[in-house]
Amino acid sequence: GDEWVGCDQLILATGHSARDIFTLLHERNILIESKPFALGVRIEHPQTIIDQAQYKCADRGEFLPPAAYSLTHQVQGLGVYSFCMCPGGIIAPCATAPGEIVTNGWSPSKRNNPYANSGMVVSITPEEYDPKETGNPLLALEYQQRVERAAWEAGGGGQVAPAQRMMDFINKKVSTDLPKCSYQPGLNSTELRDVLPATVHKRLAEAMKAFGKKMRGYGTNEAVLVATESRTSSPVRIPRNEFMEHPQ
């Protein structure tokens, strides 16, 4: 609006998905910076598969909690890792604007859902989002946004998400059908190579092969990959000086 409020100090407490605020700061010539972030998919297994892999038994019984996992792998010197693993959890839609698909995961307090899900993400470096070294502070955000919009288009509209069985993803094969999934808006069988950047797809596929060897039973077509998991961290940094204040 047109109202101005004078002040000596101002605290900007915005979330990492507040794209309108980042754009406003850039348009007002207030210093912000692009930064590396992570992007990938949400992967969901039946909880029984993760229990059997972690507890080394057919049935965990009534006293052991649903099992969790943490996985990491290096592909060409860059990290691929699980993020926000949710045993007995649910994949939820978390878009912040029309025309995008963003997923996240959560577990109810009893962790009694029959599925285990986790973000599986790839580190995105400046070489990928700003290959010409322009220094544009919004390029990482725009890279993130393009993938989310591609996921929305591949899903077919609404919040239906594009998805692919795990081994089909690795073998570059469109899934003829999809397993039951906790994601309520629904899934659309898609070749995720058409959604994810080529480097992201390649690194995810290589890492998932390795994870299948590290954790027995993890590599299976009973698992489904849901795109896209893209809000693990902010693609924009608001810099601070040694006094923890913005340099300007």
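Residues numbered from 1 in each chain as written. Predicted model: local features only at pLDDT ≥ 70, side-chain atom pairs only at ≥ 80, totals over all residues. Heavy atoms only, no water.

Student: I'm lost on the pattern of salt bridges in this one. Help?
Tutor: Side-chain pairs of opposite charge can arise whenever the charged atoms involved come near each other. As enumerated under the stated definition, the model contains 11 salt bridges in all. With a closest N to O distance of 3.5 Å, arginine 237 and glutamate 33 form a salt bridge. Remark: glutamate 33 occurs in strand E1 (residues 33–34) and arginine 237 occurs in strand E11 (residues 236–237); sequence separation between them is 204 residues. For arginine 237, a relative accessible area of 37% gives the class partly exposed. For glutamate 33, a relative accessible area of 29% gives the class partly exposed. In this structure, arginine 165 engages aspartate 177 in a salt bridge whose closest nitrogen and oxygen atoms are separated by 3.1 Å. Of the two residues, arginine 165 is situated in strand E8 (residues 161–165) and aspartate 177 in the loop between helix H5 (166–170) and strand E9 (187–189); the sequence distance between them amounts to 12 residues. By relative accessible area, which is 15% here, arginine 165 ends up buried. (Salt bridge = Lys/Arg side-chain N within 4 Å of Asp/Glu carboxyl O. Helix = DSSP H or I, 4+ residues; strand = E, 2+ residues; numbered from the N terminus. Buried < 20%, exposed > 50% of the residue type's maximum accessible area, 1.4 Å probe, protein only.)

Student: It is not clear to me how the side chain of aspartate 168 should be interpreted in this structure. Could you clarify?
Tutor: Along the polypeptide, aspartate 168 turns up in helix H5. Despite its burial, aspartate 168 pairs with no opposite charge; the closest candidate is lysine 173, at 4.4 Å N-O. Here serine 175 takes part through its side chain, which lies 2.8 Å from a polar atom of the side chain of aspartate 168. Beyond its immediate sequence surroundings of up to four residues, aspartate 168 is in contact with Lys173, Val174, Ser175 and Asn221. (Lys, Arg positive; Asp, Glu negative; His and termini not counted. Polar contact = N/O pair within 3.5 Å; in protein donor to acceptor, adjacent residues only side chain to side chain. Contact = heavy atoms within 4.5 Å.)

Student: In this structure, what is going on with the sheet that holds strand E4 (residues 78–86)? I would like to understand it.
Tutor: The strands making up a sheet are joined through hydrogen bonds of the backbone, oriented either antiparallel or parallel. One open sheet accounts for seven strands, arranged E3-E4-E7-E2-E10-E8-E9; its pairing is mixed. Two strands lie at the open edges of the sheet, namely strand E3 (72–75) and E9, each paired on one side alone. Adjacent strand axes in the sheet meet at a mean angle of 30 degrees when their direction is disregarded. Pairing analysis gives four bridges linking E3 to E4, with the strands arranged antiparallel. Along E4, the bridge assignment pairs histidine 73 with valine 80. Packed on one face of the sheet, helix H4 (residues 139–155) meets strand E2 (37–46), strand E7 (115–124), E8, E9 and strand E10 (224–229) and runs near 35 degrees to E2. (Pairing = 2+ DSSP bridges. Axes fitted to C-alpha atoms, helices over the stretch in contact; angles between N-to-C directions.)

Student: Looking at this structure, I do not really get the nonpolar core. What am I missing?
Tutor: The nonpolar side chains of soluble globular proteins are, as a tendency, buried together. Ranked by internal contacts, the top residues of the largest apolar core, which has 47 residues, are Val41, Ile43, Phe169, Leu196, Leu204, Met208 and Tyr218. If you tally residues by element for this core, the top one is helix H6 (residues 198–214), at six residues. One finds Phe22, Leu25, Leu141 and Val236 within the second-largest nonpolar core, a separate group that totals six residues. (Core = buried A, V, L, I, M, F, W, Y, C linked by side-chain atoms within 4.5 Å.)

Student: What exactly am I supposed to notice about the packing of aromatic side chains here?
Tutor: Between two aromatic rings, the relevant description is the distance of the centres plus the angle of the planes. Scanning all chains against the criterion turns up four aromatic pairs. Ring geometry for phenylalanine 37 versus tyrosine 129: centroids 6.5 Å apart, planes at 40 degrees, classification tilted. Remark: tyrosine 129 occurs in helix H3 (residues 126–129) and phenylalanine 37 occurs in strand E2; sequence separation between them is 92 residues. On the accessibility criterion, phenylalanine 37 (4% relative accessible area) is buried. Ring centres 5.2 Å apart and planes at 80 degrees place the aromatic pair tyrosine 69 and tyrosine 218 in the edge-to-face group. Remark: tyrosine 218 occurs in the loop between H6 and E10 and tyrosine 69 occurs in the loop between helix H2 (47–55) and E3; sequence separation between them is 149 residues. For tyrosine 69, a relative accessible area of 5% gives the class buried. Site record: aromatic cluster; members linked through ring pairs are Phe37, Tyr129 and Tyr143. (Phe/Tyr/Trp six-rings, centres within 6.5 Å; stacked < 30°, edge-to-face > 60°.)

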